[in-house]
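Residue-level structural notes
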Amino acid sequence: MRAAASLIAGLLLAFAASNTSAEVRTPAQVRYETRDGASDWHKTQVTFLKGAELNKATRTFDYNAFSAYVVIFFAQDQAAVIELDAPVFGCGSEFTANCIPRFGNPKGKDQSGRTWEICTGSFCV
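In this report, we go over the structure that sits alongside the text. Think of each chain on its own: its residues are numbered from 1, step by step along the sequence as written. Per-residue local features of the predicted model are confined to residues with pLDDT of at least 70, and side-chain atom pairs are confined, for both listing and counting, to 80 or more; whole-chain, interface and lining totals are unaffected and use all residues. To get the side-chain values, all heavy atoms of the structure are used, and hydrogens and water are removed first.

Count a disulfide wherever a pair of cysteine sulfur atoms falls within 2.5 Å. All told, the structure shown has 1 disulfide when counted by the stated rule. Paired through a disulfide, Cys119 and Cys124 show a sulfur-sulfur distance of 2.0 Å. Judged by the torsion about the S-S bond (-85 degrees), the Cys119/Cys124 disulfide is left-handed. Neither residue differs from the other here; Cys119 and Cys124 are each classed as buried. For each residue, the accessible area found with a 1.4 Å probe, counting protein chains only, is set against the maximum for its type, and the residue is called buried under 20%, exposed over 50%, and partly exposed in between.

Structure representation (structure tokens):
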């Protein structure tokens, strides 16, 4: 997991530096499901991108090219890659700021099956 997170982090940073990527970084609040219900909200920076962009950044075909993803970095060698449950409308093959869901909080699952909720609005419930 650490090696994969390091690879994702390094390649996303390199991809972003090349100015050819279309991922969108934005402040957000996130929470995840626990045995006892949802966790508290945590403020963080998240990166939205399409699966095709993630495959290109990681030089793999591990991600569904047509899905939207959120990457949350916790530390230099720790990241969660979350595939959003619902399709993102209004997006072509690249994720832009117009693709960020404006209503509701998108949900998805990470590599270990944990459900996450992402809130990009100013009020998260």
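This part takes up the pattern of salt bridges. Here, a salt bridge means any Lys or Arg side-chain nitrogen found within 4 Å of an Asp or Glu carboxyl oxygen. Using the criterion set out here, one finds 2 salt bridges in the structure. Salt-bridge contacts for Glu23 lead to Arg25; the nearest nitrogen and oxygen are separated by 3.5 Å. Taking relative accessible area as the criterion, Glu23 reaches 14% and is therefore assigned buried. You can call Arg25 partly exposed: its relative accessible area is 42%. One salt bridge connects Arg31 with Glu117, and the closest N-O pair in it is separated by 2.8 Å. Residue Arg31 is found in strand β1 (residues 24-34), and its partner Glu117 is found in strand β7 (residues 115-119); the two are separated by 86 residues along the sequence. Both residues of the pair, Arg31 and Glu117, count as buried. Helix and strand assignments come from DSSP, with helices taken as H or I runs of at least 4 residues and strands as E runs of at least 2, each series counted from the N terminus.

Within a regular beta strand, the side chains point alternately toward one face of the sheet and then the other, so they alternate between its two faces. Where strand β3 (residues 42-50) meets strand β4 (residues 68-75), 5 bridges bridge the pair, whose relative direction is antiparallel. Of the residues in β4, the one forming a bridge with Phe48 is Val70. One bridge is not enough; two strands pair if DSSP finds at least two bridges between them. Note: β4 against strand β5 (residues 78-84), 6 bridges, orientation antiparallel. The residue of β5 that forms the bridge with Phe73 is Ala79. Hairpin connection between β4 and β5: a loop of 2 residues separates the two successive antiparallel strands.

The values are spatial; any link to function lies outside them.
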